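Survey of secondary and tertiary structure
Read off the chains here:
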Amino acid sequence: MLKNWKTERERFGGRATATALRAFKMADASGTFSSFSMWISCFALIAMADSALYRVYPESAAVLVGHNVTMNCAFSGLSASDVVNWHKYNPSEPDGKPFHVSSGSVVDPEFPRFSIVGNNRSQEFNLRVTNAQPADGGNYRCGVFSVTDTRDAKLTVVVPPPSPPVVLGDLSPRAAGKSLILSCRSEGGDPLPDLAWYNGTQRLDLPREAMVEQRVRRISLDLVISFLTKWDNGANFSCESNQGFPFVADPLVTSVTIQVKYPPVVKVPKMSVVVNEGQSANLSCEVDGNPKASLTWWRLGDSSPQGPLGRGSVLTLTNVTSFDLGTYQCTARNGVKPDGFGTMALDVRYPPLIKSIFDEETTVMYGQSAFSLKCQAEGNPKPRVRWRRLDTKAFYDNPLAFSEIGYANEGAYECVASSKGFKEVSRSTFINVVGRPEVLNVSSTVSVTRGDPVSLTCIILADPIPDEVTWLWRGRSGERDFDDKSKGDVDVKTVFTDKIQSELTISSATKALAGTYMCKASNKYGSDLREFRVTVSVSRIAVVGVIAGSAAVGMLLAVAAIVTLSIRRGWIHRDRKEKKSSKSESLAYCITRGSPNKKKKNGSPTKRCAIELQHFEKTTIHSSPSRRDRNTYSIDLLHSSDVDRKIDYPTNEKDQFYEEDICIQHSPYRKGRQSNKDFTNRRC
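Now for a look at the structure at hand. (Residues numbered from 1 in each chain as written. Predicted model: local features only at pLDDT ≥ 70, side-chain atom pairs only at ≥ 80, totals over all residues. Heavy atoms only, no water.)

Structural notes on the sheet that holds strand β13 (residues 174-175)
Stated precisely, the cut-off is as follows: If DSSP finds at least two bridges between two strands, the strands pair. Under the DSSP-based scheme used, a helix requires at least four consecutive residues in state H or I and a strand at least two consecutive residues in state E, with every element numbered from the N terminus.
The mixed open sheet is built from 3 strands, whose spatial order is β13-β21-β24. Where the open sheet ends on each side, the last strands, each with one partner, are β13 and β24 (286-290).

Right, dumping it as structure tokens:
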């Protein structure tokens, strides 16, 4: 079955009928067409092969009045008897009667500006209209009687409106917050144009449609702005009339700019301007307002302003000082309330300056508590204030404070103020401490050997200078004063400088000069003193002698103990002849403590037996001595013949000595053991 019957019709031409019949006979003989639908298709193909076909359908066109236009129409398969006709009719007319324009290449005389371009050979019959007029507009049809598939084409003759649309309404400036109504109107033109409002390039979607008056050929569209704002000021609103054929007639546009009055709004580019003292400062404000606002400058905080500092958007201050530091305000006025204001700070940097709130010398009483001295400095940026003592590198916080004033606090101090970007400045004062003297030394003890020199130094601070410096001695024998006039073994010398120095010198220390020495300084405010304790001891040679004597006594005691132990153990054997002797020696060691000057009533010295050894059948009886003190031992060796001999001891009123006597006593040999009672009651 053929899908493209137009192509087949052109290919076969007038022979299509014969070919179709032969195909039908062949299909019938072979039994191919077995259905009724196939029979219908074959008959349709035969009928189509004998009729003309459209090659180019007429298309609608638009032309500007007075211009030329061509409407195309072409066929295929026209026979010699086919005639191509053009008809025109207007559906909008009441009767709708068509007009015969042309037949073949011949145009009806009623259409003198019409012509046919083409002929039967090319099978093209294009209708050309020259100097198109509004009456030429309408529907046109190109057709052949044998072709039933006809189509209409519309020709539109565009007649532009005589003038652009008109915008009506109150276009005078109005205050923000008010409403505005504008109306766009267009008259004439064919077809009647459509109207639209634009804000700049953006088309506005209006709730109301345009009002059309066909009788007078007029159309209008309203724009309603219920609340104007500052952003509407200078807005460009446009009304466009468009007939819908942009390639034939351009749209016509009318634009208006609205003016909205609104109060001034001030914008400050910099909230703070920083300059150094001596430089120039520029303060600026930006103002937005309609109508244009006038600017005036004021300084806030002035108690009695003489008038504005300047006018315009920029205020220039030359050679600024610290007095120019502050807050400035620009005021904008344009007749629409409220006025606009903008504030900014002028920050003037200047070096630190110390205020004169303290004197060059400050007098303080010695011992005063909670003393403070404050230093005040101004500058921008705010300076750091500290105190520094001139003879040191140490810094103190401000205010300079002391819990208790002493002479050590006296000196020159300076207040130092420093800030970034500037050189530090200072102001000094001298703290003068007055009051009673202060002895700097601490109480101490000085130990010397008899005969050595002694030097005691007393350092004194005082303002005013002490009236006198004296030394007082207290010892066993009483009290005594020393001063610069003293002579002898004790000499006093006082030197007055920044620190008063008094020195007491003992040329040769003795027991008599031992004791407590007090250095005392006095002035009209009071006095102060310090104590020095001096002790005098014996020489080192005497000490060595005592130690040597003690060692010797110890050695003798050790020897005696060894001998006694040897006899007890039988390590030492006596001759039997000696044992049979009528007399037997009894060795007794008697360690006696006592004072030689203490005697009994009968005048003999007191003795107590410490150790007594006797030999009775090789038996030794001994008793332990009791010690009264720890004084040096004195050893005396006695025999039995010397027991009753009186011993004279040297006496001394102040010194008492205890002695230890070791005596060897001979006693007759006795057999048997003596009783302890007899032994302990014997005296050496």
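Structural notes on the nonpolar core
A general tendency of soluble globular proteins is for nonpolar side chains to be buried together. The criterion, for reference: Side-chain atoms within 4.5 Å link the members of a nonpolar core, which is a set of buried Ala, Val, Leu, Ile, Met, Phe, Trp, Tyr and Cys residues. Only protein chains enter the accessibility calculation, which uses a 1.4 Å probe; a residue is then buried when its area is under 20% of its type maximum, exposed when over 50%, and partly exposed in between. In what follows, residue pairs with any heavy atoms lying within 4.5 Å of each other are defined as contacts.
If you look at the biggest cluster of nonpolar residues, it comprises 26 residues, and the most contacted ones within it are Phe75, Trp86 and Tyr140. Broken down by secondary-structure element, the contributors of at least two residues to this core are β3 (69-71), β5 (84-89), β8 (114-117), β9 (126-129), β10 (138-144) and β11 (152-158). Once residues lying within four places of it in the same chain are set aside, the contact partners of Tyr140 are Met71, Trp86, His87, Lys88, Val101, Phe114, Leu127, Arg151, Asp152, Ala153 and Leu155. The next biggest cluster of nonpolar side chains, apart from the first, holds 24 residues, and it includes Val454, Ile460, Val469 and Trp471.

Notes on the pattern of salt bridges
Quick reminder of the rule: When a carboxyl oxygen of Asp or Glu is within 4 Å of a side-chain nitrogen of Lys or Arg, the pair counts as a salt bridge.
This model, assessed by the stated rule, comprises 16 salt bridges. Across the pair Asp152 and Arg141 runs a salt bridge, and its minimum N-O distance is 2.6 Å. Taken together, the residues span a long stretch of sequence, with Asp152 in strand β11 and Arg141 in strand β10 at a distance of 11 residues. For the salt bridge of Arg349 with Asp347, the shortest nitrogen-to-oxygen distance reads 3.5 Å. Each member of the salt-bridge network shares a partner with another, and the members are Glu187, Glu213 and Arg218.

Considering unusual backbone geometry
A cis amide bond links Asp190 to the next residue, Pro191, at an omega of -5°. Here Pro191 shows up in the loop between β14 (180-187) and β15 (194-199). At the junction of Asn380 and Pro381, the peptide bond is cis and its omega measures out at 5° in the coordinates. Looking at the element boundaries, Pro381 is found in the loop between β32 (377-380) and β33 (384-389).

Description of the sheet that holds strand β6 (residues 99-103)
With respect to topology, 6 strands assemble into an open sheet ordered β2-β11-β10-β5-β6-β7, the strand pairing being mixed. Two strands close off the open sheet at either side, each with one partner strand: β2 (61-64) and β7 (106-107). Strand direction decides the pairing type here: β2 and β11, joined by 4 bridges, are parallel. Residue Leu64 lies in a different strand from β11, and its bridge partner there is Val158.

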